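Here's the letter readout for the chains.
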Amino acid sequence: MAIRTDLALELLEQHASAEDVIQKETLLEGFPLRQVTIQNEPNALGKPPGRYDTLSIDGLLRREADAFPRACHAVAQALSQLAPDMKDTHSTALVIGLGNRAVTPDAIGPLCCQNVLATRHLIERSPAQFRAFRPVAVLAPGVLGMTGVETGEIVLGVIQRIRPGLVIAVDALAARRLSRLMRTIQLTDTGIVPGSGVGNARAALTKKELGVPVLAVGVPTVVDGATLAHDIAEQSGASCEALEDLRTPVLVTTRDVDQQVADAARVIGYGINLFLHPTLDIADIDLFLS
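Just so it is clear, the model here is predicted, and its values are computed rather than measured.

### Looking at the overall build of the chain
- Looking only at helices and strands, the chain features 11 helices and 9 strands.
- Here the C-alpha atoms of the chain give a radius of gyration of 19 Å, agreeing with the 19 Å that 2.2 N^0.38 yields for 290 residues.
- For the chain, buried positions account for 49% of its 290 residues.
- If you take every contact in the chain between residues at least 6 apart in sequence, the share linking residues at least 24 apart comes to 72%.
- Accessible surface, the chain as shown: approximately 13900 Å² in total, 50% of it carbon and sulfur.
- In the chain, the 26 positive side-chain charges and the 33 negative ones have mean positions that sit 5 Å from each other.

Structure follows, in structure tokens:
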């Protein structure tokens, strides 16, 4: 059976001998960061060429001292490494929160948008007062079943109107391992295909499709039930007739998914703010969002 995951790190675990893949490990604000760079296409991982950074935020879930501000700064630093050319503070950035606000495991994107400072309209109306800010637009386009419009169509229409220099797309992902749910953040410069991890792929949000550099940030919130059961059966060396029942897609998540999704969305939102507005700190963001 096909293993379903959005994480490049997990795909690499399946193809440890994959060629044209460079790995590197480092720390950002005390959090482990695994870099996977895919150089060519096609490749064994089946992912677009580019860089995939996986930030482990276990310390945040353990409520370690100052883990939240450190995690926010780590996200900001990771984004800065993926988009080193975004130093022009006059260039507009568009932040897109993908997903369905009404479905908790899919609400990472919309909830993240609530934690991102929208400044484009303020700068246009009062440029002298807000000259220290970068113009930022924030969009949570919803899902096709609720709007009747493809997310890609909405995003492309907004891009044609406001002409941003960078798009940051935030979405929920699917993982292979339960141990990675809510504990990892994947950041990539390749863009994203919404819904691909749960078998519901929509139009791609990439530089090729949108004509703008796209950074994608995602948190795994679910594991495919068949993938999980297959792994358990394989590791135990047992055959399992119940695997046949999982031909119908089943998604598994954590018991306290609502709180963990809210926490992850806040970390990503604050990290995006710190990346786009380097002069701000956590206290400033708290003040502006209050």
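From this point, the narrative continues.
### Quick look at the nonpolar core
- Formed by 73 residues in total, the largest nonpolar core has its most connected members in Leu55, Ile168, Ile185, Leu187, Ile268, Ile272 and Phe275.
- Sequence-distant contacts of Ile168, defined by excluding residues within four places in its chain, comprise Leu94, Val95, Ile96, Leu215, Val217, Ile272, Phe275 and Leu276.
- Counting residues in hydrophobic clusters, the runner-up holds 10 residues, among them Leu12, Val36, Ile38 and Tyr52.

### Looking at the packing of helix α3 (residues 67-82) against helix α10 (residues 257-276)
- Axis separation between α3 and α10 bottoms out at 7 Å; the angle between their running directions is 55°. Judged by the angle between their axes, α3 and α10 are oblique. Two packed elements cross with a definite hand, and for α3 against α10 that hand is right-handed. Contact with α3, carried on its side by Phe68, Ala71, Cys72, His73, Val75, Ala76, Leu79 and Ser80, involves Arg266, Val267, Ile268, Tyr270, Gly271, Ile272, Leu274 and Phe275 of α10 and no other residues of that element.
- For the contact of α3 with α10, the residue count by class is 12 nonpolar, 3 polar and 1 charged.

### Considering the environment of Pro164
- With respect to the secondary-structure elements, Pro164 resides in the loop between α7 (151-162) and β6 (166-175).
- Exposure remark for Pro164: the relative accessible area of 8% places this residue in the buried category.
- Between the C-alpha atom of Pro164 and that of Ile108, which follows or precedes it by 56 residues, the distance is 22 Å.
- Not counting the four nearest positions on each side in its chain, Pro164 is found in contact with Thr92, Ala93, Leu94, Ile159 and Val212.

### Some points on the packing of α10 against helix α11 (residues 282-289)
- One way to put it is that α10 packs onto α11 with a least axis distance of 10 Å and a crossing angle of 110°. Judged by the angle between their axes, α10 and α11 are roughly perpendicular. In this structure, α10 contributes Arg266, Tyr270, Asn273 and Leu274 to the contact, and α11 contributes Ile282, Ile285, Asp286 and Leu289.
- Class assignment for the residues of the contact of α10 with α11 results in 5 nonpolar, 1 polar and 2 charged.

### Thoughts on the packing of aromatic side chains
- Tallied over the full model, the rule gives 3 aromatic pairs.
- Both rings, one in Phe68 and one in Tyr270, keep their centres 5.3 Å apart while their planes meet at 70°; by these two values the pair is edge-to-face. Taken as a pair, Phe68 in helix α3 and Tyr270 in helix α10 lie far apart in primary sequence, 202 residues in all.
- Taking relative accessible area as the criterion, Phe68 reaches 18% and is therefore assigned buried.
- The interplanar angle of 80° and the centroid separation of 5.5 Å between the aromatic rings of Phe133 and Phe288 together place this pair among those described as edge-to-face. Separated by 155 residues along the polypeptide, Phe133 in the loop between α5 (120-125) and β5 (136-139) and Phe288 in helix α11 bring together distant segments of the chain.
- An aromatic cluster of three or more residues is present, and its members are Phe130, Phe133 and Phe288.
- One residue, Arg266, lies across the ring of Tyr270, its end atom 4.8 Å from the ring centre.

### Some points on unusual backbone geometry
- The linkage connecting Glu41 with the following residue, Pro42, adopts the cis geometry, with an omega of 0°.
- Here Pro42 shows up in the loop between β2 (31-38) and β3 (50-56).

### Let's talk about the state of the cysteines
- Using the criterion set out here, one finds 0 disulfides in the structure.
- Summary of cysteine pairing: Cys112 is not part of a disulfide, and the nearest cysteine sulfur, belonging to Cys113, is at 5.8 Å.
- Judged by its relative accessible area of 0%, Cys112 falls in the buried class.

Parameters and conventions
Residues numbered from 1 in each chain as written. Predicted model: local features only at pLDDT ≥ 70, side-chain atom pairs only at ≥ 80, totals over all residues. Heavy atoms only, no water. Helix = DSSP H or I, 4+ residues; strand = E, 2+ residues; numbered from the N terminus. Rg over C-alpha atoms; globule rule 2.2 N^0.38 Å. Buried < 20%, exposed > 50% of the residue type's maximum accessible area, 1.4 Å probe, protein only. Contact = heavy atoms within 4.5 Å. Areas by Shrake-Rupley, 256 points an atom, 1.4 Å probe, with all protein chains shown as cover. Lys, Arg positive; Asp, Glu negative; His and termini not counted. Charge placed at Lys NZ, Arg CZ, Asp CG, Glu CD. Core = buried A, V, L, I, M, F, W, Y, C linked by side-chain atoms within 4.5 Å. Axes fitted to C-alpha atoms, helices over the stretch in contact; angles between N-to-C directions. Parallel < 35°, antiparallel > 145°, perpendicular 65-115°, else oblique. Left-handed = near helix turned anticlockwise from the far one by under 90°. Nonpolar A, V, L, I, M, F, W, Y, C, P; charged D, E, K, R; others polar. Phe/Tyr/Trp six-rings, centres within 6.5 Å; stacked < 30°, edge-to-face > 60°. Lys NZ or Arg CZ within 6 Å of the ring centre and 35° of its normal. Disulfide = S-S within 2.5 Å.

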